[in-house]
Amino acid sequence: MGSTGTVLRELRGAQKSSKGVSLYSRYVNRPAGRLLAAGAFRAGLTPNQVTLVSAAFTFSAIAAVALVEPSWWLGILVYAGLVVGFAFDSADGQLARLTGRGGPDGEWLDHVVDCAKMILVHSAVLIAFHRFGSLPGEGWLLLPLGFLFVAVLTFCAGLLREQLGRAAVRTAGAPAAPGAPASRLRAVALLPADYGVFCLVFLLLGAPGAFRAGYAVLAAVHALFLVAFLAKWFRELKALRAG
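All of these numbers come straight from a predicted model, not from anything done at the bench.

## Here we look at the packing of helix H3 (residues 47-67) against helix H4 (residues 72-99)
Running from amino to carboxyl end, H3 crosses H4 at an angle of 165 degrees, the nearest separation of the two axes being 8 Å. It follows that H3 is roughly antiparallel to H4 by the angle criterion. Where H3 crosses over H4, the two elements pack in a sense that is left-handed. Considering only residue class, the contact of H3 with H4 consists of 17 nonpolar, six polar and two charged.

## Here we look at the environment of Val169
Inspection of the secondary structure assignment puts Val169 in helix H6 (residues 142-172). Here the alpha-carbon distance between Val169 and Leu240, two residues 71 residues apart in the chain, equals 7.7 Å.

## What about helix H2 (residues 23-43)?
For H2, with 21 residues, the first-to-last C-alpha span of 29 Å sits near the 30 Å given by 1.5 Å per residue. Remark: the principal bend of H2, roughly 30 degrees, maps to Asn29, with a proline, Pro31, within the next four residues. Taken as a whole, H2 has its buried residues at Tyr24, Ser25, Arg26, Asn29, Arg30, Gly33, Arg34, Ala37, Ala38 and Ala40. Its side-chain oxygen at 3.3 Å from the backbone nitrogen of Tyr24, Ser22 defines the N-terminal cap of H2. Remark: Gly44 follows H2 within two positions and exhibits a positive phi of approximately 80 degrees.

## Notes on the pattern of salt bridges
What the rule picks out here adds up to five salt bridges. With its nearest N and O atoms 3.8 Å apart, the salt bridge here joins Asp89 to Lys117. With Asp89 in helix H4 and Lys117 in helix H5 (residues 104-132), this pair connects stretches of sequence that are 28 residues apart. By the burial criterion, Asp89 is buried, and Lys117 matches it. Across the pair Asp114 and Lys117 runs a salt bridge whose closest N-O atoms are separated by 3.6 Å. Here Asp114 and its partner Lys117 are both found in helix H5, three residues apart, which amounts to about one turn of the helix. The two residues Asp114 and Lys117 agree in class, both being buried. A cluster of three or more residues bridged by salt bridges with shared partners is formed by Asp89, Asp114 and Lys117.

## Considerations on the packing of aromatic side chains
Pairs of aromatic rings are described using the distance from one ring centre to the other and the angle between the two planes. Counted according to the given criterion, the structure contains 13 aromatic pairs. On the basis of an interplanar angle of 80 degrees and a centroid distance of 6.2 Å, the ring pair of Phe129 and Phe211 is categorised as edge-to-face. Of this pair, Phe129 sits in helix H5 while Phe211 sits in helix H9 (residues 208-242), placing them 82 residues apart in sequence. The exposure class of Phe129 is buried, given its relative accessible area of 6%. Considering the side-chain rings of Phe225 and Phe229, the 5.7 Å spacing of their centres and the 45 degrees angle between planes classify their relative orientation as tilted. In this pair, Phe225 and Phe229 are both assigned in helix H9, four residues apart and thus about one turn of the helix distant. When its relative accessible area of 18% is taken as the criterion, Phe225 is described as buried. A relative accessible area of 16% means that Phe229 is categorised as buried.

## Focus on the nonpolar core
Among the nonpolar cores identified, the biggest contains 28 residues, and Val78, Leu82, Phe198, Val201, Phe202, Phe211 and Tyr215 are the most heavily contacted of them. Contributing elements (two or more residues each) for this core: H3, H4, H5, H6, helix H8 (195-198) and H9. Once residues within four sequence positions are removed from consideration, Tyr215 is found in contact with His122, Val125, Leu143, Pro144, Phe147, Phe198 and Val201. Within the second largest apolar cluster, seven residues are counted, among which are Phe88, Ala91, Leu95 and Leu98.

What counts and what doesn't
- Residues numbered from 1 in each chain as written.
- Predicted model: local features only at pLDDT ≥ 70, side-chain atom pairs only at ≥ 80, totals over all residues.
- Heavy atoms only, no water.
- Axes fitted to C-alpha atoms, helices over the stretch in contact; angles between N-to-C directions.
- Helix = DSSP H or I, 4+ residues; strand = E, 2+ residues; numbered from the N terminus.
- Parallel < 35°, antiparallel > 145°, perpendicular 65-115°, else oblique.
- Left-handed = near helix turned anticlockwise from the far one by under 90°.
- Nonpolar A, V, L, I, M, F, W, Y, C, P; charged D, E, K, R; others polar.
- Expected span 1.5 Å × (residues − 1).
- Bend = angle between axes of the 7 residues up to and from the residue.
- Buried < 20%, exposed > 50% of the residue type's maximum accessible area, 1.4 Å probe, protein only.
- Polar contact = N/O pair within 3.5 Å; in protein donor to acceptor, adjacent residues only side chain to side chain.
- Salt bridge = Lys/Arg side-chain N within 4 Å of Asp/Glu carboxyl O.
- Phe/Tyr/Trp six-rings, centres within 6.5 Å; stacked < 30°, edge-to-face > 60°.
- Core = buried A, V, L, I, M, F, W, Y, C linked by side-chain atoms within 4.5 Å.
- Contact = heavy atoms within 4.5 Å.

In structure tokens form, the structure reads like this:
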């Protein structure tokens, strides 16, 4: 592979399926990750190093939420850090597929960083509410805890669905059933549950009331998606057992 253009073409060919991916991830995060993966390849970085770069951007932005008094400038910086970290999170997998250097260690590290990100971002909001927020009532402190519960349960249940599904297919000795083609309508419907869309709420840090309202709406939407996902994943796993 010579030029950056050649690397980008190879990366496009190694892209994962768009099935079950929101519009943001399909048309914003993955293309941004592809550019970062090409740059990382040219710089000689490994997929695990790219994962650590993603963690550095993400955790720096999250720490700022907890430690710095909210302002419009902080919101812009936090949003930028989270979005760049998310793009690098896409880049590490793309680089692994491009170079064939992926492995269980890289997948484990990626999941550890993702899980830490979900726990810390809502913990940082809780700390910020306590330190800087003139809250209408102390009950607002429960909101980040509820959002944290929803986020972690969605992550763990989804990961288990994927692993148990693979194990069931291996046990049955049958090839995995082909998935339905990627749906544009589904990609739009999944937008509210996309992490990249969630990051947008931090642009409201300069207006505490608007931030609380936006964060609360997203928490409610994610809770609804969790209920729908749990029902869907349970049905799919039950069908695998029956099959």
